[in-house]
Amino acid sequence: SNVVRFADTKTVLRSGHIWDDTKQQLAFKPFLIEQRVGSGRVIAFTQNPNFRAQQDGLTLLFANSIYRSVADDCAYSCLNKTISEKQPHPFDCGK
């Protein structure tokens, strides 16, 4: 599923310069994609979110993608266990 996408052609550029062709190509295209594959998941960025550390908001997206890729799967795995089972560590869900 597309988690984050680019804006429309009128607002895709906030500052700087962009060629008209590029503006047309970027409009409404995905930036962050998440897809479950088998027992795991793929989290993909269509562009480097850490490029020159220019945008602080993208650093947060990148950090959350790392955390959520493990945390969500662990929580899902833990929820499927019975309550009586003990967990040795919060992130060790017996995978």
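Residues numbered from 1 in each chain as written. Predicted model: local features only at pLDDT ≥ 70, side-chain atom pairs only at ≥ 80, totals over all residues. Heavy atoms only, no water.

**Notes on the overall build of the chain**
Put simply, the rule is: Helix and strand definitions here come from DSSP, where helices need a minimum of 4 consecutive H or I residues and strands a minimum of 2 consecutive E residues; each element is numbered from the N-terminal end. It only takes one pair of heavy atoms within 4.5 Å for two residues to be counted as in contact. Using a 1.4 Å probe, the Shrake-Rupley method yields the accessible areas, and only the shown protein chains count as cover for residues.
Scanning the chain from N- to C-terminus turns up two helices and three strands. Along the chain, from the amino end to the carboxyl end, the secondary structure elements read β-α-β-β-α. A fraction of 34% describes how many contacts in the chain between residues 6 or more apart in sequence connect residues 24 or more apart. Accessible surface, the chain as shown: approximately 7600 Å² in total, 55% of it carbon and sulfur.

**Description of the pattern of salt bridges**
Inclusion rule: We define a salt bridge as a contact between a side-chain nitrogen of Lys or Arg and a carboxyl oxygen of Asp or Glu at a distance within 4 Å. Burial classification: accessible surface area is computed with a 1.4 Å probe over protein chains only, and a residue below 20% of its type maximum counts as buried, one above 50% as exposed, and the rest as partly exposed.
Scanning the model with the defined rule gives one salt bridge in all. Residue Glu-34 is joined to Arg-41 by a salt bridge in which the shortest nitrogen-to-oxygen separation is 3.7 Å. For Arg-41, a relative accessible area of 18% gives the class buried.

**A look at the nonpolar core**
Selection rule: Side-chain atoms within 4.5 Å link the members of a nonpolar core, which is a set of buried Ala, Val, Leu, Ile, Met, Phe, Trp, Tyr and Cys residues.
Of all hydrophobic cores here, the largest spans seven residues; its members are Phe-6, Val-12, Ile-18, Leu-26, Phe-31, Leu-32 and Leu-58. If we ignore the near neighbours within four places in the chain, the residues touching Leu-32 are Ser-1, Asn-2, Val-3, Val-4, Ile-43, Ala-44, Phe-45 and Leu-61.

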